[in-house]
Protein chains: 2
Amino acid sequence: MRIITISREFGSGGREVGKRLADELGFAYYDREIITEIAKNVKMDEEYISHVLEKGVFNAIPLTFGHTFSYLPKSAVTATDIYSQQQKVITQLSSKGDCIIVGQNADILLRDRNPFKVFVYADMKAKIDRCRSRQNPGENMTDREIEKMIKQIDRARATGYDMISDTSWGDMKSYNLCVNTTGTEIKNLIAPIAQYALSWFENK
Amino acid sequence: MRIITISREFGSGGREVGKRLADELGFAYYDREIITEIAKNVKMDEEYISHVLEKGVFNAIPLTFGHTFSYLPKSAVTATDIYSQQQKVITQLSSKGDCIIVGQNADILLRDRNPFKVFVYADMKAKIDRCRSRQNPGENMTDREIEKMIKQIDRARATGYDMISDTSWGDMKSYNLCVNTTGTEIKNLIAPIAQYALSWFENK
């Protein structure tokens with residue numbers, strides 16, 4: 001079973017790399033599906049699951065609730081349950097066949113399965129431009145606001161990753177291949193990345 | 001004119017990547033030739049030129065000479081001359097046609113020519129093993145000694161790079177593609193890296 005994990009800076013086009021790579025290779029693609037599955041299993045809102053997993057349980061508490069934990073679910077479902085569900089769902093999905101998983105710390109959760117680990121990144125300006133081109137009509141964030149959001153999201157990703165890994169999020173040593181999408185059309189990079197991954201799998 | 005620059009951690013196989021990539025693409029390959037050319041132009045010893053360029057002029061002074069500068073050439077040739085010769089030689093060679101340049105801070109010296117910038121790296125253990133397999137008979141360095149040497153060389157490379165760049169040596173943001181050679185046979189990675197570079201050139 002071949003597993004490719006894609007970690008990515010927000011706005012760098014990592015998800016596009018993942019989807020296109022899955023099409024190119026005929027691998028299954030998992031991303032949001034994992035959240036949906038966990039939400040179903042623990043009978044909780046997808047949005048909340050997503051916040052806990054992407055931002056860590058404490059960051060997921062809206063600040064308006066102050067420093068009390070009144071927002072945390074009163075049920076028996078704890079953050080730990082959500083994390084172990086994540087492990088379970090990712091392990092199950094990746095056992096079905098060759099796949100690509102974007103985010104979700106899948107590179108760490110599946111480290112025993114020796115995935116091919118890609119990191120996708122870009123210059124801040126390129127990331128801001130990419131975010132802007134995807135804004136909904138009516139959204140009018142300034143470049144500064146977008147940059148702040150990008151940094152916040154990546155900081156949260158790093159925090160969540162570093163909690164469960166002995167390597168660091170965004171440190172090239174944690175990955176097999178790091179791809180800078182600045183100034184490129186992602187679609188043109190897919191065939192060589194796919195070929196690189198296949199060589200790596202044959203090789204190991 | 002297409003220029004590929006290879007920066008690399010010592011012991012990661014960056015030079016092998018460069019040479020094989022040059023063969024694969026039919027590009028010229030420059031590495032030691034640059035030193036030879038500079039040495040000829042300034043009429044100095046290749047070894048000394050190499051030290052100045054790789055380690056910076058102050059690190060190149062043998063410590064036994066203490067903190068005086070008695071070792072520095074008394075002639076009119078200064079470190080600045082060597083650096084400007086490096087710029088000149090690299091610019092000349094890279095103007096002859098498509099090429100690959102390993103090291104020499106060529107990615108920075110040729111930044112106006114928009115080269116495709118590769119960084120080659122590996123885990124410390126893999127680098128130690130690679131260095132050991134290339135030891136001359138009779139050399140008996142311990143793993144610790146090899147690790148110390150690797151770190152010293154890379155620190156010197158970083159210092160030299162950071163002096164002339166506003167990005168950092170070994171920081172993925174400074175490169176277009178970062179390749180981890182740990183646990184792989186370099187020869188199997190060459191075709192996809194070549195394809196990636198060609199796509200990038202077509203694309204820009």
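This report concerns the structure included in the present document. Since this is a predicted model, take the numbers as computed values, not measurements. Think of each chain on its own: its residues are numbered from 1, step by step along the sequence as written. The order in which chains are written sets their letters, starting at A; the order in which ligands are written sets their numbers, starting at 1. Predicted model: local features are reported for residues with pLDDT of at least 70 only, side-chain atom pairs are reported and counted for 80 or more only, and whole-chain, interface and lining totals are derived from all residues. No hydrogens and no water enter the side-chain calculation; it runs on all heavy atoms of the structure.

1. Focus: the relation of the copies chain B and chain A
Quick note on the threshold: The copies were overlaid by least squares, fitting only the C-alpha atoms of residues that reach a pLDDT of 70 or more in each copy. Contacts are assigned to residue pairs that have any heavy atoms within 4.5 Å of one another.
You can overlay chain B on chain A at an RMSD of 0.0 Å; the transform is a turn of 180° with a shift of 0.0 Å along its axis. The symmetry that links the two subunits is that of a two-fold axis. A share of 100% of the interface residues of chain B reappears at the interface of chain A, consistent with the copies meeting face to face through the same patch.

2. Some points on the packing of aromatic side chains
Residue and element names in this part refer to chain A. Our working rule: In summary, the pairing rule links any two rings of Phe, Tyr or Trp, Trp by its six-membered ring, whose centres are within 6.5 Å, and it sorts them by plane angle into stacked for under 30 degrees, edge-to-face for over 60 and tilted for everything else. The way it works is that DSSP assigns letters per residue, a run of H or I at least four long becomes a helix, a run of E at least two long becomes a strand, and they are numbered from the N terminus. Three labels apply to residues, based on accessible area from a 1.4 Å probe with only protein chains included: buried if under 20% of the type maximum, exposed if over 50%, partly exposed otherwise in between.
According to the stated counting rule, one finds 14 aromatic pairs over all chains in the structure shown. Between F116 and Y196, the ring centres sit 5.9 Å apart and the planes meet at 40°, which makes this aromatic pair tilted. Of this pair, F116 sits in strand β4 (residues 116-121) while Y196 sits in helix α8 (residues 190-203), and the two are 80 residues apart along the sequence. Exposure remark for F116: the relative accessible area of 0% places this residue in the buried category. Its relative accessible area of 2% is what places Y196 among the buried residues. Aromatic ring contacts, followed pair by pair, group F116, Y196, W200 and F201 into a single cluster.

3. Describing helix α6 (residues 124-133) of chain A
Residues and elements named next belong to chain A. For clarity, the threshold we go by: Arc, as used here, means the arc of the directions from the helix axis to the C-beta atoms.
Along α6, the residues that are buried comprise K127, I128, R130 and C131. Buried residues in α6, looked at end-on, bunch into an arc of 165°, giving them a common side. Along α6, exposed side chains directed more than 90 degrees from the buried face belong to K125 and S133.

4. Re the sheet that holds strand β2 (residues 28-30) of chain B
Which entries qualify depends on this criterion: At least two DSSP bridges between two strands are required for those strands to pair. Each axis is a line fitted through C-alpha atoms, taken for helices only over the stretch in contact, and angles between the N-to-C directions span 0 to 180 degrees.
An order of β2(A)-β3(A)-β1(A)-β4(A)-β5(A)-β5(B)-β4(B)-β1(B)-β3(B)-β2(B) is seen for the ten strands of this open sheet, with the pairing classed as mixed. Of all the strands in the sheet, the pair left with one neighbour each is β2 (28-30) of chain A together with β2 of chain B. Averaged over all neighbouring strand pairs, the angle between strand axes comes to 20°, with direction disregarded. Looking at chain direction, β4(A) and strand β5 (residues 177-180) of chain A are connected through four bridges and run parallel. Residue A:V120 lies in a different strand from β5(A), and its bridge partner there is A:V179.

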